[in-house]
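Now for the letters of each chain:
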Amino acid sequence: MKLPLILNGDDVTLDGDPRENLFAVLQREAGVFVEKTSCRKGTCGRCHVVLDSKEVPSCLVPFFQARQREVVTPEGFRQTDEYREFRLILDEEGLVECAECTDVQIFHLFSYLELFPLAGPEECRQAIGEIPCRCGSRPVLERGAARWLTRKEAVRVSRR
Amino acid sequence: MSLEGEGPVPLIYSPRSLAEALALFVPNPQAQLFAGGTTWQAESSSQALRLPMVTISLHAADDLRKVVYGERFLDLGAALSLNQLLSVGGTWVPPILKEAARAIGTSALRNLATLGGNLAQKGVLGDLFPVFHLLGAQFEIRNLRGSRWLTAQLAAEEGKVSLSPGEILTKVRIPQEDWPLGFYHKIGTIRTPWDERLAMAALARTKNGQLEGLRFSFHLPHSGLLRVRDLEAELAGQALPLSHKVRSLTVNRVDEALGLLPIPASVFQRDRIIHMTRWILTRLEDE
């Protein structure tokens with residue numbers, strides 16, 4: 001079954017069985033999530049994508065539901081200005097990059113803020129806590145998120 | 001492409017409305033519904049979903065995601081995702097319902113998981129049952145011939161909203177009532193053993209130092225719902241703070257009701273229920 005969809009801004013057609021999960025098809029057909037495994041429970045965060053502006057675990061989305069929808073992966077998000085700006089903040093906060101979870105955490109945080117734009121530091125802290133992390137970078141991310149919210153608020157006030 | 005060893009590729013429909021979905025049952029009476037699909041995939045042991053031969057996926061049926069506010073009722077579309085429920089602004093959605101929805105999974109999972117999915121699967125989740133039960137909710141179920149309403153109490157007794165072939169759970173109707181105090185607490189996740197999982201909900205109203213009304217219930221995944229309505233009626237009108245005697249009696253009555261459950265609660269669940277009952281009574285005094 002070949003399905004058209006928009007992957008990280010590009011029109012693509014991916015081939016897969018409709019019963020497969022989106023994660024498996026993206027990995028095999030589009031070369032994303034290379035060297036990653038998924039928990040297939042929707043809890044590890046490693047396979048998250050943004051599907052039509054909503055973050056979902058791609059291991060729980062059947063491939064057939066991706067037809068003509070827009071998919072953004074953490075790889076795609078890494079190319080955005082938002083990501084670069086936030087990474088600068090995190091670097092200033094002393095982030096030691098973890099190949100396993102740094103990008104997953106950032107992707108998750110920004111997807112959460114997209115859905116709940118008025119979220120405060122406490123809600124961001126809870127969102128960050130949803131992704132399992134063993135590298136100990138959560139406090140840095142929480143400080144970074146608090147700075148990011150302050151910056152956004154300053155921009156909002158200056159526009160009024 | 002099709003997967004080896006998984007059998008023939010099933011027929012999958014993605015209707016754009018409830019009417020379209022219902023019409024699909026005419027040529028496909030044995031078709032099964034697919035909403036968020038979080039449990040289907042999580043229970044699958046391979047990279048492939050075990051879909052029935054004919055599947056009706058509701059992800060594109062927008063009219064099943066409507067939120068309608070009325071003077072007397074709030075109607076929530078059954079295909080509304082839990083995050084869509086959380087995003088509803090204003091005071092229309094009871095805070096306790098939002099609290100219960102927020103306690104389910106992660107934010108990403110809540111973008112997939114639907115209200116209907118939580119209600120229509122026995123024991124797997126069911127975290128929202130105690131809340132809907134206390135709020136006096138009703139569930140609308142439709143087929144091509146018409147609709148029927150199921151009370152949250154009846155559904156809770158069965159442990160899920162049971163659908164016959166050709167039926168779709170379309171909406172949840174919640175009466176607009178004022179419950180200024182609401183408490184929700186959940187123990188365990190989908191990975192926790194059944195006998196260590198529990199959800200508790202409580203609603204209360206106080207006025208001039210009196211307990212005007214109190215509703216509370218516990219949901220045990222394998223035993224169903226525990227609610228002692230007689231006790232709730234007896235507690236209404238009691239002066240706050242509740243006396244030591246009233247509190248002891250309340251705990252004893254809950255303990256007695258636990259003994260009447262068709263499938264007994266585990267030691268852990270019993271202990272937590274007693275503890276949470278005391279906690280609710282203490283919180284009332286704090287308020």
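Up top is the structure.
Thresholds applied
- Residues numbered from 1 in each chain as written.
- Chains lettered and ligands numbered in written order.
- Predicted model: local features only at pLDDT ≥ 70, side-chain atom pairs only at ≥ 80, totals over all residues.
- Helix = DSSP H or I, 4+ residues; strand = E, 2+ residues; numbered from the N terminus.
- Rg over C-alpha atoms; globule rule 2.2 N^0.38 Å.
- Buried ≥ 20, exposed ≤ 12 C-beta atoms within 10 Å, placed from the backbone.
- Pairing = 2+ DSSP bridges.
- Contact = placed C-beta atoms within 7 Å.
- Nonpolar A, V, L, I, M, F, W, Y, C, P; charged D, E, K, R; others polar.
- Core = buried A, V, L, I, M, F, W, Y, C linked by C-beta atoms within 7 Å.
- Axes fitted to C-alpha atoms, helices over the stretch in contact; angles between N-to-C directions.

Chemist: I tried to follow the overall build of chain A on my own but got confused; where do I start?
Modeler: The number of helices and strands found in chain A is six helices and five strands. Counting helices and strands in the order they occur from the N terminus, chain A gives β-β-α-β-β-β-α-α-α-α-α. A compact globule built from 160 residues would reach a C-alpha radius of gyration of about 15 Å, and chain A, at 16 Å, matches this within 12%. When the backbone C-alpha atoms are referred to their principal axes, chain A occupies close to 50 × 40 × 20 Å. A buried classification covers 42% of the 160 residues belonging to chain A.

Chemist: What exactly am I supposed to notice about the pairing of strand E4 (residues 54-57) of chain A here?
Modeler: Looking along a regular strand, one sees side chains alternate from face to face of the sheet. Alignment of strand E3 (residues 48-51) of chain A against E4(A), held across four bridges, turns out to be antiparallel. Directly across from A:His48, in E4(A), lies its bridge partner A:Pro57.

Chemist: What is the right way to look at the interface of chain B and chain A in this model?
Modeler: Accessible area lost on assembly of the parts is the figure often given for the size of an interface. Between chain B and chain A, the residue contacts involve 25 residues of the former and 28 residues of the latter. Taken together, the elements giving at least two residues each to the side of chain B that touches chain A come down to helix H2 (38-43), helix H3 (82-87) and helix H5 (107-112) of chain B. Sorting elements by how many residues they give to the side of chain B that touches chain A places H5(B) first, with five residues. Taken together, the residues of the side of chain B that touches chain A sort by class into eleven nonpolar, 13 polar and one charged.

Chemist: Which parts of the structure should I look at to understand the nonpolar core?
Modeler: Nonpolar side chains tend toward joint burial in soluble globular proteins. Counting 91 residues, the largest nonpolar core has B:Leu58, B:Val131 and B:Ala201 as the members making the most contacts within it. Among the elements that take part in this core, strand E10 (residues 198-207) of chain B stands out by supplying seven residues, more than any other. Apart from the residues within four sequence positions on either side, B:Leu58 is in contact with B:Ala21, B:Leu33, B:Phe34, B:Ala35, B:Leu64 and B:Ala79. Within the second largest apolar cluster, 18 residues are counted, among which are A:Cys101, A:Val104, A:Phe107 and A:Ile128.

Chemist: What should I look at first to understand the sheet that holds strand E6 (residues 138-143) of chain B in this one?
Modeler: Remark on secondary structure: sheet strands pair via backbone hydrogen bonds, oriented parallel or antiparallel. Residues and elements named next belong to chain B. Pairing is antiparallel in the open sheet, where five strands are placed in the order E4-E5-E8-E6-E7. Each edge of the open sheet carries a strand with a single partner, namely strand E4 (67-69) and strand E7 (146-151). Each neighbouring strand pair of the sheet contributes to a mean axis angle of 20°, computed without reference to strand direction.

Chemist: How should I be thinking about unusual backbone geometry in this particular structure?
Modeler: Excluding glycine, residues mostly have negative phi values, and the peptide bonds linking residues are mostly trans. Note that the residue after B:Leu240, namely B:Pro241, is joined by a cis bond; omega there is 0°. With respect to the helices, strands and loops of the structure, B:Pro241 is situated in the loop between helix H9 (229-235) and helix H10 (244-258). Of note in this structure, A:Asn8 is not a glycine but carries a positive phi near 50°. Relative to the helices and strands, A:Asn8 resides in the loop between strand E1 (2-7) and strand E2 (10-15). On the neighbour-count criterion, A:Asn8 (19 C-beta atoms within 10 Å) is partly exposed. Not every positive phi belongs to a glycine, and A:Gln68 is a case in point at roughly 55°. If you trace the backbone, A:Gln68 turns up in the loop between E4 and strand E5 (70-72).

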